[in-house]
Amino acid sequence: MTRIICICSGKGGTGKTSVVANLGISLAQRKRKVVLIDADLLASSLGFFLGIKNFSNTLQDVLMQRADIFDALQVGPSGTFVIPADAYSLEAQNLELLPPSVQSLDGKFDFVLIDAPAGFDSIAQAAMKASREILIVSLPTTVAITDAYKIKALASSFGKSTTGIVLNRVKNLPNELSAGDVKKMLALPILHVVPEDRNMEISTSTEKPLMIIKPNSPAAISIKKLVSNLIGEEIEVSWLTKFRSKLGF
Ligand SMILES: Nc1ncnc2c1ncn2[C@@H]1O[C@H](COP(=O)(O)OP(=O)(O)OP(=O)(O)O)[C@@H](O)[C@H]1O
Ligand SMILES: [Mg+2]
């Protein structure tokens, strides 16, 4: 059975698209068949994060029934499959077609990761309904965790369970919530804690995935460990990689 995971957050800018792109690449590098879907239809950015410039068919084409979902699959970095959204389009119609379209991929891939828009609108809801499980990406702040709580409740109202939470951009500042606090507040497992890493910003601004340009950076190593968690396989991290990770290069 395919793990169809919707990557969500209540608050914007928590790192959902960064996690989808790099988690997807890392899974593909570990020989998993992965589809990455850009369901952030009105503010799409996954194509930029993956460095994909030209799309033949997009998720909008699938929802407008101009293309079948299999005709919208294109090959992305490291052998990922990507269903991009048109970043210049304002089309977000026929959202009721999103769940059956995504579910038609079931059984043909190991993972489908859906990049949802921030918040609770009809697009985010359709992305959740299309999935089998929810993964929340949150900042370690009270505002973000309050919104994460509402995502968990909304998902549960659709009969979807939340697998856990990825705490992102953790700087270990005194005013941040700790992983232990968040676990208690949300009653959810903390799947991983991803540190603040300036390489992520560099990756975003150069439109080159972190996992490709800085695979040994702290955030990249952290996402590799998240993959290990998801697939239940350990990775060997060499002493050199650990050393580089500590120094941030
Ligand atoms: N661990 C990190 N360290 C430093 N910067 C990060 C980290 N994770 C993400 N970022 C940066 O945060 C910004 C927002 O990331 P991203 O677009 O992935 O968030 P998002 O949740 O998808 O946003 P939106 O809600 O707008 O879709 C980007 O500039 C990205 O480079
Ligand atoms: Mg995003």
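The rules behind the values
- Residues numbered from 1 in each chain as written.
- Chains lettered and ligands numbered in written order.
- Predicted model: local features only at pLDDT ≥ 70, side-chain atom pairs only at ≥ 80, totals over all residues.
- Helix = DSSP H or I, 4+ residues; strand = E, 2+ residues; numbered from the N terminus.
- Rg over C-alpha atoms; globule rule 2.2 N^0.38 Å.
- Buried ≥ 20, exposed ≤ 12 C-beta atoms within 10 Å, placed from the backbone.
- Contact = placed C-beta atoms within 7 Å.
- Near = placed C-beta within 6 Å.
- Nonpolar A, V, L, I, M, F, W, Y, C, P; charged D, E, K, R; others polar.
- Pairing = 2+ DSSP bridges.
- Right-handed = clockwise from strand over helix to strand, strands pointing away.
- Axes fitted to C-alpha atoms, helices over the stretch in contact; angles between N-to-C directions.
- Left-handed = near helix turned anticlockwise from the far one by under 90°.
- Core = buried A, V, L, I, M, F, W, Y, C linked by C-beta atoms within 7 Å.

K.L.:
Just checking my understanding: could you explain the overall build of the protein chain for this structure?
P.N.:
Assigned secondary structure in the protein chain consists of 11 helices and eight strands. For the protein chain, the C-alpha radius of gyration of 17 Å lies close to 18 Å, the compact-globule estimate for 249 residues. Taken over 249 residues, the protein chain has a buried fraction of 44%. Of all intrachain contacts in the protein chain linking residues separated by at least 6 positions in sequence, the fraction that spans at least 24 positions is 76%.

K.L.:
What am I meant to see in the site of ligand 1 here?
P.N.:
Within the structure, ligand 1 sits among 21 residues, and Gly15, Thr17, Ser18, Ala118 and Thr204 are positioned closest to it. For the shell around ligand 1, the secondary structure elements donating two or more residues are helix 1 (16–29), strand 7 (161–170) and helix 8 (198–206). Here the residues of the shell around ligand 1 are counted per class, giving five nonpolar, 10 polar and six charged.

K.L.:
Help me out: how do you make sense of helix 5 (residues 122–130) in this one?
P.N.:
Along an α-helix, residues three or four apart share an orientation, since each turn contains 3.6 residues. Among the residues of helix 5, Ala124, Ala126, Ala127, Met128 and Ala130 are the ones counted as buried. On its buried side, helix 5 packs onto strand 1 (3–8), helix 4 (98–103), strand 5 (111–115), strand 6 (133–138) and helix 6 (142–157).

K.L.:
In this structure, what is going on with the pairing of strand 8 (residues 190–195)? I would like to understand it.
P.N.:
Consecutive residues of a regular strand have side chains that alternate between opposite faces of the sheet. The pairing of strand 7 with strand 8 spans four bridges and is parallel. The partner of Ile165 across the bridge, within strand 8, is Ile190. A crossover connection joins strand 7 to the parallel strand 8 through helix 7 (residues 179–186); in handedness this β-α-β unit is right-handed.

K.L.:
When you look at the sheet that holds strand 1 in this model, what are you seeing that I'm missing?
P.N.:
Strands pair in a sheet through their backbones, by hydrogen bonds, and they do so in one of two ways: parallel or antiparallel. Spatial strand order, 3-4-2-5-1-6-7-8: eight strands in an open sheet with mixed pairing. Of all strands in the sheet, those bounded by a partner on one side alone are strand 3 (74–75) and strand 8. Bridge count for strand 2 (residues 34–38) against strand 4 (residues 81–83) is three bridges, and the pairing is parallel. In the sheet register, Ile37 faces strand 4, and the bridge partner there is Ile83. Sitting on the sheet, helix 5 is in contact with strand 1, strand 5 and strand 6, with an inclination near 155 degrees to strand 1. Taken strand by strand, helix 6 contacts strand 1, strand 6 and strand 7, and its axis lies near 170 degrees from that of strand 6.

K.L.:
Whenever I open this one, the pairing of strand 2 confuses me. Can you help?
P.N.:
For strand 2, the tally of buried residues reaches five of five residues, placing the bulk of the element in the interior. Summarising the sheet, strand 2 and strand 5 pair through five bridges and their orientation is parallel. From the neighbouring strand, Ile37 faces strand 5, where its bridge partner is Ile114.

K.L.:
Whenever I open this one, the packing of helix 1 against helix 10 (residues 218–231) confuses me. Can you help?
P.N.:
In a pair of packed helices, the angle between the axes and the distance between the axes together describe the arrangement. Close contact between helix 1 and helix 10 brings their axes to 9 Å; oriented N to C, the two are set at 65 degrees. In terms of crossing hand, the pair formed by helix 1 and helix 10 is right-handed. On helix 10, the residues that touch Val19, Asn22, Leu23, Ser26 and Leu27 of helix 1 are Ala220, Ile223, Lys224, Leu226 and Val227. Tallied by class, residues from the contact of helix 1 with helix 10 come to seven nonpolar, two polar and one charged.

K.L.:
Sorry if this is basic, but what is going on with the nonpolar core here?
P.N.:
Taken as a class, soluble globular proteins show a tendency for nonpolar side chains to be buried jointly. Ile7, Ile114 and Ala127 are the most contacted members of the largest nonpolar core, which totals 69 residues. Leaving out residues up to four positions away in the same chain, Ile7 has contacts with Lys16, Val19, Val20, Leu113, Ile114, Asp115, Ala116, Leu135 and Val137.

K.L.:
Explanation requested: unusual backbone geometry in the structure shown.
P.N.:
In this model, Asn172 sits at a positive phi of 55 degrees, which is unusual for a non-glycine residue. Of the residues examined, Asn172 has 10 C-beta atoms within 10 Å and is grouped as exposed. If you check the backbone angles, Ala187 has positive phi at about 50 degrees while not being a glycine. Inspection of the secondary structure assignment puts Ala187 in the loop between helix 7 and strand 8. On the basis of neighbour counts, which here come to 9 C-beta atoms within 10 Å, the residue Ala187 falls in the exposed class.

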